[in-house]
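So the chains spell out like this:
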Amino acid sequence: MFEFHWPWMALLLLLPLLIRLFWSRPPNRQHESVEGMQTTLLHPSLTHLQDAFHTRQPRQPLSARLYSWLLHLLWLALVLALMRPQWLEPYTENRTAGYDLMLAVDASHSMNALDFTLNDEQVSRMQVVKGVVAKFIEGRQGDRIGLVVFGSKAYVLSPLTYDRKAVNSLLSEVIPRIAGDGTAIGDALGLGVKKLRERPQGSRVLLLIADGENTAGTIPPLKAAQLAAEEGIRIYSIGVGSDKKRVPIMENGRIITRTDLGFNEAVMREIAETADGAYFRATDTAALEKIYLHIDELEKTEAESRTVFIPQPLYYWPLSAALLLLLLLGIYPEGRQRRLRGGGYA
């Protein structure tokens, strides 16, 4: 489909006409004439002389008329370029039916705790979370996925999107304490509910990954879970942590042992039950499959299809024509009368 992006620029086509109508001509304009039309004979009665010899005014030279046409075409080409002609190429994007999943990932200081072992090597809670969530994202083909990270405050790192690779890439860059040292679970849930409530009901899921200890924020976790239930949003929580009383953690480049990094599994379970979801442990190898089954039981969002028009600019065609016309006017400058030195005309 063809269109002009700035069609109102066509008003400039009237500018030469307005100038001719309203611009006052210089006083000596009446003495100007093209070659062959200048009066060279003084006679007391030119009318009788013309009748006697049946004379007529000479026609305007072809070069002068051609020059005038070139000027008009030049102005037309420039105005067409200013109107920004473009060709609209239709592009249709089809999306299959799927779910709307918002992931809320704990990025507090406690996620540095080294209470997991992988291949006889201590790994942090954050490493376990990235491994579990990355597999989960890869398996959700056709779903819209968003990402919220939280510490002392909660932030939307990615809105709901079909680009799973982008979400996984953002998740891989998350490090503990990126959002503060605290754990604002309630605020993260509230932010997730705010983003999901805009989507159709029946397919909205909030996945919470945390250690269960709420130490910051303004919204209590259970209150946020109740808000999610009222909006028809299910919360599936994944607990990350161990039941050890003394937990090693990496701080300032060295490993120390702390006793205040407990894992509150009861809170995570209650959050999930309040929002009609389920609770899982990150160490459970079958946890992902169980979450898949629970989510797949929900109603999917209807398939989406939208058509957008991608503009292809065409202004360079009239602009190239204008440059060519300008070149012709420069090569053949004799098409109009030019004032010579000394006040004469040629």
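Structure report, in brief.

Cut-offs used in this document
- Residues numbered from 1 in each chain as written.
- Predicted model: local features only at pLDDT ≥ 70, side-chain atom pairs only at ≥ 80, totals over all residues.
- Heavy atoms only, no water.
- Helix = DSSP H or I, 4+ residues; strand = E, 2+ residues; numbered from the N terminus.
- Buried < 20%, exposed > 50% of the residue type's maximum accessible area, 1.4 Å probe, protein only.
- Contact = heavy atoms within 4.5 Å.
- Areas by Shrake-Rupley, 256 points an atom, 1.4 Å probe, with all protein chains shown as cover.
- Arc of directions from axis to C-beta.
- Polar contact = N/O pair within 3.5 Å; in protein donor to acceptor, adjacent residues only side chain to side chain.
- Salt bridge = Lys/Arg side-chain N within 4 Å of Asp/Glu carboxyl O.
- Core = buried A, V, L, I, M, F, W, Y, C linked by side-chain atoms within 4.5 Å.

Focus: the overall build of the protein chain
Here's step 1: Secondary structure summary: the protein chain contains 10 helices and 13 strands in total.
Here's step 2: The 346 residues of the protein chain split such that 36% are buried.
Here's step 3: Intrachain contacts of the protein chain at a sequence separation of at least 6 include 79% that bridge at least 24 residues.
Here's step 4: For the protein chain, the exposed area adds up to about 21500 Å²; of that, 56% sits on carbon and sulfur atoms.

A word on the environment of tyrosine 67
Here's step 1: Looking at where tyrosine 67 falls in the secondary structure, it is placed in helix H3 (residues 62-82).
Here's step 2: Using a relative accessible area of 13% as the deciding quantity, one classes tyrosine 67 as buried.
Here's step 3: Spatially, the C-alpha atom of tyrosine 67 lies 7.3 Å from that of leucine 329, the residues being 262 residues apart in sequence.

Description of helix H5 (residues 164-172)
Here's step 1: For H5, every residue scored as buried is listed here: Arg164, Val167, Asn168 and Leu171. The buried residues of H5 all sit within an arc of 100° when viewed along its axis, so they share a single face.
Here's step 2: Where the residues of H5 are buried, they touch strand S3 (100-106), helix H4 (125-138), strand S6 (144-150) and strand S7 (154-161).
Here's step 3: Where H5 begins, the side chain of aspartate 163 points an oxygen toward the backbone nitrogen of lysine 165, at a separation of 3.4 Å.

What to know about the pattern of salt bridges
Here's step 1: Evaluation of the coordinates by the stated rule reveals seven salt bridges.
Here's step 2: A salt bridge links arginine 177 to aspartate 181; the shortest N-O distance between them is 2.6 Å.
Here's step 3: Exposure remark for aspartate 181: the relative accessible area of 43% places this residue in the partly exposed category.
Here's step 4: Between aspartate 276 and arginine 234 there is a salt bridge, with the nearest N and O atoms lying 3.7 Å from each other. In this pair, aspartate 276 is assigned in the loop between helix H8 (265-274) and strand S12 (278-281) and arginine 234 in strand S9 (residues 234-239), connecting sequence segments 42 residues apart.
Here's step 5: By relative accessible area, which is 51% here, aspartate 276 ends up exposed.
Here's step 6: Under the relative-accessibility criterion, arginine 234 is labelled partly exposed at 29%.

Overview of the nonpolar core
Here's step 1: Counting 29 residues, the largest nonpolar core has Leu103, Val129, Val133, Ile137, Leu147, Leu207 and Ile209 as its most contacted members.
Here's step 2: For this core, the secondary-structure elements that each account for two or more residues are S3, H4, S6, H5, strand S8 (204-210), S9 and S12.
Here's step 3: It is H4 that provides the largest number of residues to this core, a total of seven residues.
Here's step 4: Within the second largest apolar cluster, 26 residues are counted, among which are Leu160, Leu189, Leu208 and Ala225.

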